[in-house]
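Each chain, written out:
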Amino acid sequence: MSVVPVANVRNFVILGHSGSGKTALTDAFAFRLGLNDRLGLTSNGSSISDTTDEEKSRRITIFASTFSKNYTLGDQEYKLTFTDAPGFRDFYGQILGAVHAADFALITVDATARVQVGTRRAWHICKENDLSSIAFVITGLDKENADFEKTVAAIRDNFGVSCVPVTAPVSKEEVINIMDQAELPPNLANIHTSLAESAAETSEELMNKYFEEGTLEPAEIRAGLLKGIQAGEIHPIYAAFPLSGVGIDPLLQSICRLLPAPGHRPQKDSEGNVILADPNGPFIGQVWRTAIDIFMGQLSFVRVVSGTLKPGMTVLNTTTDTKESIPAMMLLIGKKQIPVESAGPGDIVAIPKLKKTKTNHTLVGDGSATRMAEIQFPPPVTFVAIKAKTQNDEDKMSDGIHRLLNEDPTIQYEKQIETKEVLLKGLGDVHIDVAVALLKQQSNVNVNTFTPKVPYHETITGKGEGHHKHKKQSGGRGQFGEVYIRIEPLLEGDDEYFCNETVGGSIPGSFIPGVKKGIDEGMLAGALAGYPVKNVKVRLYDGSYHDVDSSEVAFKIAGSRALKAAMLVAKPVLLEPIMRLKITSPEAFMGAISGDMPNKRGRLLGLEVNGDIQTITAEAPLAELFKYSAELRSITGGQGSFVMDFIRYDIVPANIAQKIIAEADKHRKSDED
Ligand SMILES: Nc1nc2c(ncn2[C@@H]2O[C@H](COP(=O)(O)OP(=O)(O)OP(=O)(O)O)[C@@H](O)[C@H]2O)c(=O)[nH]1
Ligand SMILES: [Mg+2]
């Protein structure tokens, strides 16, 4: 690829509702640009973008794939770099990364389904991430009941009248650029008017002319649109038939003419300073995605922000302060790897084998110490417990999970101390299913998944005394240790949960650590249901010993049993984690969402209204929330989403606690059998 000036580089992300034709459009672009010698289709697994087994079998995009190719328009050479993002919310991490790496977005809208949840979500992601240049592409125009004008109206209803069609279909075989037409078919005449109006609004001069003459020249409309679009104030709407290729050239031409080059969207460092898209400045790039390739290992996808990157260079990772050498750079086009010799502002390249570089890290060349602002990935909302199927799987599990975490910052992994389970956390059921499938494919680790156990705690609400005498005489040296304790709830701020108040050497000082070890051990598994004990103050106030038979072990056993005895009389209770939820959904579902909260033992805390979208803040026990992601999807038809975080532990209501204790007893009995 010859070097194209930054002003002629166009880097965009394709967003939209799942199934609205993002990948179909990507395939149409790839075919038109000669990246593929045939038109790939998701429907038969031949897409250039959905190439993994997981994507092919599920018929959805899971990973953001980037393509790049030069495009000639008149005497100008442009470089088009575009990323096909997933639409499915579970893969929000990939969507966010792709949004971060682009200068503008195309949002696909199906002409039969029109504006959907995923369309609005795409718009909001752009707005929340300072990606103000947004265009729409209407797809599905060949389908029965497709209606271009109604789809345009729906876009304008949802996103404002500054959304204006620039191209339109006159038949299934022809898409025209409205500005280029001397005369338009009657049904498109009003579209021309909205285009002229939008252009007029960009300057006083054009506005005056429009008022006086009632119209504008094509060149004036183009100049006004260019200004409005580059400023992110006008949003062009295009028509395209990705399956036949009709409308693809007018769309690509308009992208080159009207949509912004690198530099228009401010690229900011972690302190908010804007980094200029200067190909001659020091190199600055950021990793927005990490992938694991079965053959090549780790691949880091870097968006070049400034300067020029070449293979062989040594760069500094300013996030970890380590040097990395760039062994090679490539584009991944379908299954092919195309080497890249030089990458400038706006380019995206995949770099293999970086050692200490992960998603979100910044790489810089000599003369820079910049650290780019990081992508804020959402916290996980779906948890499952996983268990290796065999010992062999167990041995490889840690490496496999490590790979998964490297690849996907929205996956988390936790070894739960309370329940002794290994938890995999993600953004939804499908996300977790895919993660489990990737564990198998990438690392040959087979796991089963389970609904996690709740990490309950135990504590006391009253005071109590406990005593245990451990005495064993079985020939030879015996064991002896006797312990008396008092327990009470630990006051906030009191770090000393154990204190020795014995007097007169009833327990010699050398055995006190033994008692403490026993108390510590007893704290790991409480008397009620075997969960960790929290917030209990233990006062050791008396005991006795034997000159020969006493030992640390004997006092340890006595300490642990005395704690159990004391807990049972100190009004013990179970505690459960309470989560704060922020549930966002269109207003229409708010009644159903809040009405469902009591079923989850939840409590509403507040409501925030943002146009049609409302956000409920609520709190509910974690025990009721393991399936909430699927439940909310069914309540809202996929239009709702939520985040949750832990806030505190609360007492489990008695009727529920009884069941948990009975269940624990059953397990204890079966363990003893
Ligand atoms: N008839 C018709 N079918 C289309 C059109 N665009 C896409 N499709 C089909 O709709 C289905 C979904 O299209 P995709 O391009 O995979 O949708 P997507 O937006 O990438 O979906 P996700 O990756 O799940 O977010 C595929 O079978 C496409 O062939 C179109 O313009 N007309
Ligand atoms: Mg797709």
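Here's what I pulled together on the structure shown here. Given the structure is predicted, the values throughout are model-derived calculations rather than measurements. (Residues numbered from 1 in each chain as written. Chains lettered and ligands numbered in written order. Predicted model: local features only at pLDDT ≥ 70, side-chain atom pairs only at ≥ 80, totals over all residues. Heavy atoms only, no water.)

**Quick word on the sheet that holds strand 22 (residues 422-426)**
Here is step 1: Pairing within the open sheet is antiparallel, and its four strands lie in the order 21-22-20-23. In the strand order of this sheet, the two ends are held by strand 21 (412-415) and strand 23 (447-450), each with one partner. Put simply, the sheet's adjacent strands are angled 35° from each other on average, direction ignored.
Here is step 2: Inspection of the sheet shows strand 20 (residues 382-388) paired to strand 23 by four bridges, in the antiparallel sense. Bridged to Ala385 within strand 23 is Phe450.
Here is step 3: On the sheet, helix 11 (residues 429-443) packs against strand 20, strand 22 and strand 23 and is oriented at approximately 125° with respect to strand 22. (Pairing = 2+ DSSP bridges. Helix = DSSP H or I, 4+ residues; strand = E, 2+ residues; numbered from the N terminus. Axes fitted to C-alpha atoms, helices over the stretch in contact; angles between N-to-C directions. Contact = heavy atoms within 4.5 Å.)

**Here's the deal with the coordination of the magnesium ion (ligand 2)**
Here is step 1: Protein coordination of the magnesium ion (ligand 2) is provided by Thr23 (OG1) and Thr61 (OG1), with donor distances spanning 2.0 Å. Taken together, the residues span a long stretch of sequence, with Thr23 in helix 1 (residues 22-32) and Thr61 in the loop between helix 2 (53-58) and strand 2 (65-73) at a distance of 38 residues.
Here is step 2: Given a relative accessible area of 7%, Thr23 falls into the buried group. (Donors = N, O, S within 2.8 Å, 3.2 Å for Na, K, Ca; no water. Buried < 20%, exposed > 50% of the residue type's maximum accessible area, 1.4 Å probe, protein only.)

**Points about the site of ligand 1**
Here is step 1: Taken together, 20 residues lie around ligand 1, and Ser18, Lys22, Ala24, Thr61 and Asp142 are the ones closest in.
Here is step 2: Here an oxygen atom of ligand 1 sits 3.2 Å away from a polar atom, N or O, in the main chain of Ser20.
Here is step 3: In this structure, a nitrogen atom belonging to ligand 1 sits 2.7 Å away from a side-chain N or O atom of Asp142.
Here is step 4: In isolation ligand 1 has 640 Å² of accessible area, and contact with the protein removes 85% of it.
Here is step 5: Among the residues making up the shell around ligand 1, the classes are represented as five nonpolar, twelve polar and three charged. (Near = heavy atom within 4 Å. Polar contact = N/O pair within 3.5 Å; in protein donor to acceptor, adjacent residues only side chain to side chain. Areas by Shrake-Rupley, 256 points an atom, 1.4 Å probe, with all protein chains shown as cover. Nonpolar A, V, L, I, M, F, W, Y, C, P; charged D, E, K, R; others polar.)

**Things to note about the nonpolar core**
Here is step 1: Leu15, Phe29 and Leu225 are the most contacted members of the largest nonpolar core, which has 111 residues in total.
Here is step 2: In this structure, this core is formed jointly by two domains, domain 1 (6-181 + 229-265) and domain 2 (268-364), each of which donates at least three residues.
Here is step 3: Those residues in contact with Phe29, other than ones at most four positions away along the chain, are Phe12, Ile14, Phe82, Leu106, Ile248, Leu251 and Leu252. (Core = buried A, V, L, I, M, F, W, Y, C linked by side-chain atoms within 4.5 Å. Domains from an automatic or database assignment.)

**Describing unusual backbone geometry**
Here is step 1: In this structure, Lys353 takes a positive phi of about 65° despite not being glycine.
Here is step 2: Note that Lys353 resides in the loop between strand 18 (348-352) and strand 19 (362-364).
Here is step 3: If you check the backbone angles, Arg601 has positive phi at about 55° while not being a glycine.
Here is step 4: Inspection of the secondary structure assignment puts Arg601 in the loop between helix 14 (590-596) and strand 30 (603-610).

**Observations concerning the side chain of Thr81**
Here is step 1: Position of Thr81 relative to the elements: it lies in strand 3 (residues 76-84).
Here is step 2: A polar contact is formed between the side chain of Thr81 and the side chain of Ser68, at a distance of 2.8 Å.
Here is step 3: Dropping the residues within four chain positions of it, Thr81 is found in contact with Arg10, Asn11, Phe12, Thr66, Phe67, Ser68, Gly346, Asp347 and Ile348.

**Section: empty space enclosed by the protein**
Here is step 1: Taken as a whole and judged by the stated rule, the model has five cavities of 30 Å³ or more.
Here is step 2: Here the largest cavity defines a volume of roughly 140 Å³.
Here is step 3: Taken together, 14 residues line the largest cavity, and the ones lying closest to its centre are Phe63, Phe91, Asp408, His431 and Leu438.
Here is step 4: Listed by contribution, the elements that provide at least two residues to the lining of the largest cavity are helix 3 (92-100), helix 10 (391-407) and helix 11.
Here is step 5: Among the elements that make up the lining of the largest cavity, the one with the highest residue count is helix 11 (four residues). (1 Å grid on protein atoms, 1.4 Å probe; cavity = no way out; pocket = protein on both sides within 12 Å on 5 of 7 lines; lining within 4 Å. Points joined across faces, edges and corners; volume = space filled by probe spheres on them.)

**Let's talk about the environment of Val381**
Here is step 1: With respect to the secondary-structure elements, Val381 resides in the loop between strand 19 and strand 20.
Here is step 2: Taking the C-alpha atoms as reference points, Val381 and Ala566, separated by 185 residues in sequence, lie 38 Å from one another.
Here is step 3: When sequence neighbours within four positions are dropped, the list of residues in contact with Val381 reads Gly426, Leu427, Phe642, Val643 and Met644.

**Topic: helix 13 (residues 552-569)**
Here is step 1: For helix 13, which comprises 18 residues, the first-to-last C-alpha distance of 26 Å matches the rise-based estimate of 26 Å (1.5 Å per residue) to within 8%.
Here is step 2: Within helix 13 the residues assigned to the buried category are Ala554, Phe555, Ala558, Gly559, Ser560, Ala562, Leu563, Ala566 and Met567.
Here is step 3: Downstream of helix 13 by a residue or two, Lys571 has a phi angle that is positive, lying close to 50°. (Expected span 1.5 Å × (residues − 1).)

**Brief notes about the state of the cysteines**
Throughout this description, disulfide means a covalent bond between two cysteine sulfur atoms.
Here is step 1: Counted under the stated rule, the structure contains zero disulfides.
Here is step 2: Between Cys126, a free cysteine, and Cys163, which holds the nearest cysteine sulfur, the sulfur-to-sulfur gap is 12 Å.
Here is step 3: You can call Cys126 buried: its relative accessible area is 0%.
Here is step 4: The exposure class assigned to Cys163 is buried, which follows from its relative accessible area of 0%. (Disulfide = S-S within 2.5 Å.)

**So, the packing of helix 1 against helix 9 (residues 248-258)**
Here is step 1: Contact geometry of helix 1 with helix 9 gives a least axis separation of 11 Å together with a crossing angle of 85°. The orientation of helix 1 relative to helix 9 falls into the category roughly perpendicular. Residue-level contacts link Leu25, Ala28, Phe29 and Arg32 of helix 1 to Ile248, Asp249, Leu251 and Leu252 of helix 9.
Here is step 2: Residues belonging to the contact of helix 1 with helix 9 are distributed by class as follows: six nonpolar, no polar and two charged. (Parallel < 35°, antiparallel > 145°, perpendicular 65-115°, else oblique.)

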